[in-house]
Amino acid sequence: MQGTVATFDPNSRAGTVLLDDGTEVAFPAAAFDASGLRLLRLGQRVRLDRAPSGEVVRLTLPTFH
């Protein structure tokens, strides 16, 4: 699932992503830490990996094939 970074707090490393259908999804610092990324920009496209429970567990950058 992909979306656009809506908020990101570099101090807490948590934020929200706006999905393409307009749903806002929060991600915890642990998901950002698992990404290997150093920073997110507002408006940046990301891919969300979710646990079966629905919790966001990792963010990655979408790649083009």
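Higher on the page you've got the structure.
Conventions and cut-offs
The numbering scheme is per chain: residues are counted from 1 as the chain's sequence reads. Reporting of local features is limited, given that this is a predicted model, to residues whose pLDDT is at least 70; pairs of side-chain atoms are given and counted only at 80 or more, and all residues count toward the totals for whole chains, interfaces and linings. Only hydrogens and water are set aside when side-chain values are computed; all heavy atoms of the structure are taken into account. Classification of ring pairs rests on two measures: the distance between centres of Phe, Tyr or Trp rings, Trp counted by its six-membered ring, which must be within 6.5 Å, and the angle between planes, read as stacked under 30 degrees, edge-to-face over 60 and tilted in between. Here a strand is any run of E in DSSP of at least two residues, a helix any run of H or I of at least four, and the numbering for each starts at the N terminus. Throughout this description, buried means an accessible area under 20% of the type-specific maximum (1.4 Å probe, protein chains only), exposed means over 50%, and partly exposed covers the range between. Each reported salt bridge corresponds to a side-chain nitrogen of Lys or Arg within 4 Å of a carboxyl oxygen of Asp or Glu. Pairing between strands is defined by DSSP: at least two bridges between them are needed.

Draft legend 1. Quick peek at the packing of aromatic side chains. Scanning the entire structure with this criterion turns up two aromatic pairs. With a centroid separation of 6.4 Å and an interplanar angle of 20 degrees, the aromatic rings of F8 and F27 are classed as stacked. Taken together, the residues span a long stretch of sequence, with F8 in strand β1 (residues 2-9) and F27 in strand β3 (residues 24-27) at a distance of 19 residues. Like F27, F8 is buried. Aromatic pair F8 and F32: ring centres 4.9 Å apart, planes at 45 degrees, arrangement tilted. One end of the pair, F8, is in strand β1; the other, F32, is in helix α1 (residues 29-35), and 24 residues separate them in sequence. Pair check on accessibility: F8 and F32 agree, each one buried.

Draft legend 2. Quick peek at the pattern of salt bridges. Counting across every chain of the model gives three salt bridges. Between R13 and D33 there is a salt bridge, and its shortest N-O distance comes to 2.7 Å. Within this pair, whereas R13 is found in the loop between β1 and β2 (14-19), its partner D33 is found in helix α1, the two being separated by 20 residues in sequence. Since its relative accessible area comes to 32%, R13 is described here as partly exposed. For D33, a relative accessible area of 44% gives the class partly exposed. A salt bridge links D49 to R58; the nearest nitrogen and oxygen atoms lie 2.7 Å apart. Overall, D49 belongs to the partly exposed group, its relative accessible area being 22%.

Draft legend 3. Summary view of the pairing of β3. Burial along β3 is one-sided: V25 and F27 are buried, and none of E24 and A26, which face the opposite way, are. The pairing of β2 with β3 spans four bridges and is antiparallel. Looking at β3, one finds that V17 is bridged to V25. The turn linking β2 back onto β3 is made up of four residues, and G22 within it adopts a positive phi angle of 95 degrees.

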